[in-house]
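Letter by letter, the chains look like this.
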Amino acid sequence: MRGGDVAAAEAGSPRSPDLYDLSDDSDYAAAAAASDRTVMRTDPADRGSEETARVDVVYEKERVTIHPSQYGSGRISGKLRLFLQQGSLFLSWEPNEGADSLSTSSVGVEIEKYRNLYTIKALPLSDVRFIRRYTPTFGLDYIIIVLSSGLAFPPFYFYNSGIRELFATLKQHVFIIRSDDDPNVFLVNDFQDPLQKSLSSLELPGVASVANAMSRQNSLSFTGSNDESRHGATSSMSQYSSKQKHKSNDPGRDLSIQVLEKFSLVTKFARDTTSSLFRDNSGAHAYGRQQHEYILDNKATDKHKNQYITPEKASTPSATIESDPLPLVWGKQRDHPLSVKEWAAFLDPEGRVMDSKALRKKVFYGGVDHALRKEVWKFLLGYHEYDSTYAEREYLAAMKRAEYEAVKSQWKSISATQAKRFTKFRERKGLIDKDVVRTDRSIPYYEGDDNQNVVVLRDILLTYSFYNFNLGYCQGMSDFLAPILYVMEDESESFWCFASLMERLGANFNRDQNGMHAQLLALSKLVELLDPPLHNYFRQNDCLNYFFCFRWVLIQFKREFSFDQIMLLWEVLWTHYLSEHFHLYLCVAILKKYRQRIIGEQMDFDTLLKFINELSGQINLDRAIQDAEALCTIAGENGASCIPPGTPPSMPIETDGGLYVQEDEVL
Amino acid sequence: MSYAYLFKYIIIGDTGVGKSCLLLQFTDKRFQPVHDLTIGVEFGARMITIDNKPIKLQIWDTAGQESFRSITRSYYRGAAGALLVYDITRRETFNHLASWLEDARQHANANMTVMLIGNKCDLSHRRAVSYEEGEQFAKEHGLVFMEASAKTAQNVEEAFIKTAGTIYKKIQDGIFDVSNESNGIKVGYVVPNSSGGGAGSSSQAGGCCS
Ligand SMILES: Nc1nc2c(ncn2[C@@H]2O[C@H](COP(=O)(O)OP(=O)(O)OP(=O)(O)O)[C@@H](O)[C@H]2O)c(=O)[nH]1
Ligand SMILES: [Mg+2]
């Protein structure tokens, strides 16, 4: 993540107020107001125009260095400062003039161009959520600053030491406390934890009665209005909430409170049990029982009870790995795939999809019959408009085919002599050539020497890299394209579907990995929300970067499931039905499922990474989707607010600086 | 299976140089040219014997693509050995060695044993980097050097085992504190008949990494 962009985004775009608008809680209102003030404050580092405000430097350290991720050998040394202005504390970091200790001069030039991106002119400490200190036994000490928005700056390495003084100075000027869970985490402006808040303000009269109340609430949302749970605009829901006195009529607000209540209950269970989990093993068992009851309580309908007692069809390998004995099935039972007949019923005589929401719902719960994928995926991917007619789509296909051919001819027409002087093209083509022959070759469609479909993969990827030259080509793209081409069986149509998908997921492949970091950060927030003990465990074991979920997120579980399963999973994800970020809930669901093993076996980062890798082919997809659905529903607006705007697959937020522009040598 | 020691290895180097193929050749003794490209990291393991002691190699095969480096770096931590691989038919993969090495030096253990491998030596008719250049680079940077082929299996076994031998010697010489797992070494069960190289006394259960 590039510091400069973070700072720019922070200063430039006012925060969405509903990010904080979780409840009527006055602390939250205050926090939101405070952050609004921060945003409106004029930039104090704008030294040219500033006379009124005096700047008092209270801390200054040279050789505080960034190791930009995309340059293996590069580093940018600079000066870290804390300064006071108008009573507020600010942090700044400015790179030194000129390159330093670089292994090669070409890297030096590259770095030179971008050093200013990392500059932090004036970061108000009120925007900082916590600072984590790393003091590895081998290597340099460094810190990571995490903003309340969830964004983090790249690590600052202290070549001249000075971390201790930094914290000492901070302590004098802002409210900073050491985290109970991790002595290396320093919380800044620790506004009360929303979960704790909700727990204390609810004053739960006792688990049992609350559970009863919850089952009532749940039956409201699960039976009548499950579809609407994100918007809460159903009659049953407003009926429920009209009984309560609320300042606003916004049904979303009522729902968020309700969700908070539901959620706090789950959390309470989780909290109660981790403490016992650490005390002895029977605690874990108690946890199982408690949650068990909770589920039964909520799912007392016959249908769900049936499902609940259905013994897991544990195939031999997964039985050993899926150790969590809890049949945590709260989500709706999976439906059969959208059939040809059902699909026909969704269309009006001209071919418009009449009720796109119902269609997305259907696909979310059951997927699509394979014969229909060719047609339906184009809608899900946003290539076709739901309200387009057969005729319009036919026309579009013809136009797009011509457009595709035009882009393709751009590289097709590059002669051998021209290519000699076009290094970037040669490198890119070389990389794509190397990768398409290493993509899904065990699938019959791509099998064997001189397979024409492999050539088509290559042509589409190379054409895409001209169509979107800034993004170019990155490994992982072929993993997305292979199933699309397999379904479409048409070069141009596959290209446009792929291009539509990249509109959403292109940021996964940015050189600076910002799309990935945003998602992994959101994932960490979701786990913090939905499984605090697991979150704490990860924090204590230095696993908070969630790099062990990298492959899951980068290519949306492509390597974790079979080719057939992945087509199903992707169409489910692409509906954006419950959430655009359903894939992140899926991550949480899977992690949650194995949390007992992860914590019980005290997995460290390495072991965890290996464990997660080896889950490939072992995950029960239907169950995982159902669990994720339940988590998504439970998290509700709280979950949504864990995910900063612009996190893929959401469309990027518009910024003048072009947050998603590639700025490096692209291949 | 019980082992006297477990060594963590990483395989690093540019994309397409044949890291995954080398691993597969070493663990499964086969060459599979249509293996999937690596996203993130993949794992392999094999038992070898050194000085009559069973040693388990846990091998991390990392993705070579430049843009994944910020992620793959986090996998270097605690590796006892590294195979740094380039492709003798592609000059640029050799040119990037310095940056890989710098990365390894920065993010891995200082005592890590690095073996430089010029892979695809079966394609010597397309050679773009001479044996001498590889040797020279290794000499300058204090690495062990070999040319190998994942396809013909030439030197593959040797590369992994020689690295293990070097690590083993470092243990014998007391360079590693084997009780500190951040060195990429775990001490396993005491094996019967082991005459005990000093380290056996601190043995513990193999644990979860098997
Ligand atoms: N002739 C020959 N080809 C090889 C050899 N090793 C690998 N290859 C080929 O090189 C290609 C790349 O090999 P991989 O093992 O996938 O490369 P990698 O280093 O793992 O690449 P990434 O996973 O992208 O980092 C494969 O398609 C193999 O066919 C070798 O020793 N000889
Ligand atoms: Mg590989």
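Residues numbered from 1 in each chain as written. Chains lettered and ligands numbered in written order. Predicted model: local features only at pLDDT ≥ 70, side-chain atom pairs only at ≥ 80, totals over all residues. Heavy atoms only, no water.

UniProt, in the comment section headed Sequence similarities (unreviewed entry), describes chain B in these words: "Belongs to the small GTPase superfamily. Rab family." (UniProt positions renumbered as here; feature names shortened; annotations may be inferred.)

Going by what an unreviewed UniProt entry lists, chain A is known as TBC1 domain family member 15 and is assigned to Miscanthus lutarioriparius. Per UniProt, chain A carries the Function (unreviewed entry) text "Acts as a GTPase activating protein for RAB7A. Does not act on RAB4, RAB5 or RAB6." The heading Subcellular location (unreviewed entry) in the UniProt record of chain A holds the text "Cytoplasm".

Caption draft 1: Spatial organisation of the overall build of chain A. Along its length, chain A carries 28 helices and nine strands. Counting over 667 residues, chain A shows a buried share of 57%. Across chain A, every contact between residues at least 6 apart in sequence was considered, and the portion connecting residues at least 24 apart equals 72%. (Helix = DSSP H or I, 4+ residues; strand = E, 2+ residues; numbered from the N terminus. Buried < 20%, exposed > 50% of the residue type's maximum accessible area, 1.4 Å probe, protein only. Contact = heavy atoms within 4.5 Å.)

Caption draft 2: Quick peek at the site of ligand 1. Every one of the 22 residues lining ligand 1 counts as a neighbour, but Arg438(A), Thr15(B), Lys19(B), Asp122(B) and Ala150(B) are closest to it. Near ligand 1, residues from chains A and B are present, making the site a shared one. Between ligand 1 and Thr15(B), the relevant distance is 2.6 Å, taken from an oxygen atom to a side-chain nitrogen or oxygen of the residue. In this structure, Ser20(B) approaches ligand 1 through a side-chain N or O atom, which is 2.9 Å from an oxygen atom. Considering ligand 1 on its own, with 650 Å² of exposed area, one finds that the protein chains cover 92% of that surface. If one sorts the elements of the shell around ligand 1 by residue count, helix α1 (residues 19-28) of chain B sits on top with three residues. Its residues placed into classes, the shell around ligand 1 shows seven nonpolar, nine polar and six charged. (Near = heavy atom within 4 Å. Polar contact = N/O pair within 3.5 Å; in protein donor to acceptor, adjacent residues only side chain to side chain. Areas by Shrake-Rupley, 256 points an atom, 1.4 Å probe, with all protein chains shown as cover. Nonpolar A, V, L, I, M, F, W, Y, C, P; charged D, E, K, R; others polar.)

Caption draft 3: Examining the coordination of the magnesium ion (ligand 2) more closely. All names here are of chain B. Protein coordination at the magnesium ion (ligand 2): the donors are Ser20 (OG) and Thr38 (OG1), at 2.0 Å from the metal. Of the two residues, serine 20 is situated in helix α1 and threonine 38 in the loop between α1 and β2 (41-50); the sequence distance between them amounts to 18 residues. Residue threonine 38 is classed as buried on the basis of its relative accessible area of 6%. (Donors = N, O, S within 2.8 Å, 3.2 Å for Na, K, Ca; no water.)

Caption draft 4: Molecular detail of the pattern of salt bridges. Residues and elements named next belong to chain A. Taken as a whole and judged by the stated rule, the model has 44 salt bridges over all chains. Note that aspartate 542 and arginine 132 form a salt bridge whose closest N and O atoms lie 3.6 Å from each other. In this pair, aspartate 542 is assigned in the loop between α22 (532-540) and α23 (550-554) and arginine 132 in strand β5 (residues 128-134), connecting sequence segments 410 residues apart. Given a relative accessible area of 31%, aspartate 542 falls into the partly exposed group. The closest approach of N and O atoms between aspartate 490 and arginine 401, which form a salt bridge, is 3.2 Å. Residue aspartate 490 is found in the loop between α19 (477-488) and α20 (491-505), and its partner arginine 401 is found in helix α15 (residues 390-412); the two are separated by 89 residues along the sequence. On the basis of relative accessibility, which here comes to 21%, the residue aspartate 490 falls in the partly exposed class. Judged by relative accessible area, which is 34%, arginine 401 ranks as partly exposed. (Salt bridge = Lys/Arg side-chain N within 4 Å of Asp/Glu carboxyl O.)

Caption draft 5: Fine view of the packing of aromatic side chains. One pass over the full model with this rule turns up 46 aromatic pairs over all chains. Judged by centre distance (4.8 Å) and plane angle (35 degrees), the rings of Tyr142(A) and Tyr157(A) are tilted. Highlighted residues: Tyr142(A) in strand β6 (residues 141-147) and Tyr157(A) in strand β7 (residues 156-158), separated in sequence by 15 residues. Since its relative accessible area comes to 18%, Tyr142(A) is described here as buried. Look at Tyr86(B) and Phe94(B): their rings are 5.1 Å apart centre to centre, the planes differ by 65 degrees, and that puts the pair in the edge-to-face class. Relative accessible area serves as the criterion here: at 10%, Phe94(B) is assigned to the buried category. (Phe/Tyr/Trp six-rings, centres within 6.5 Å; stacked < 30°, edge-to-face > 60°.)

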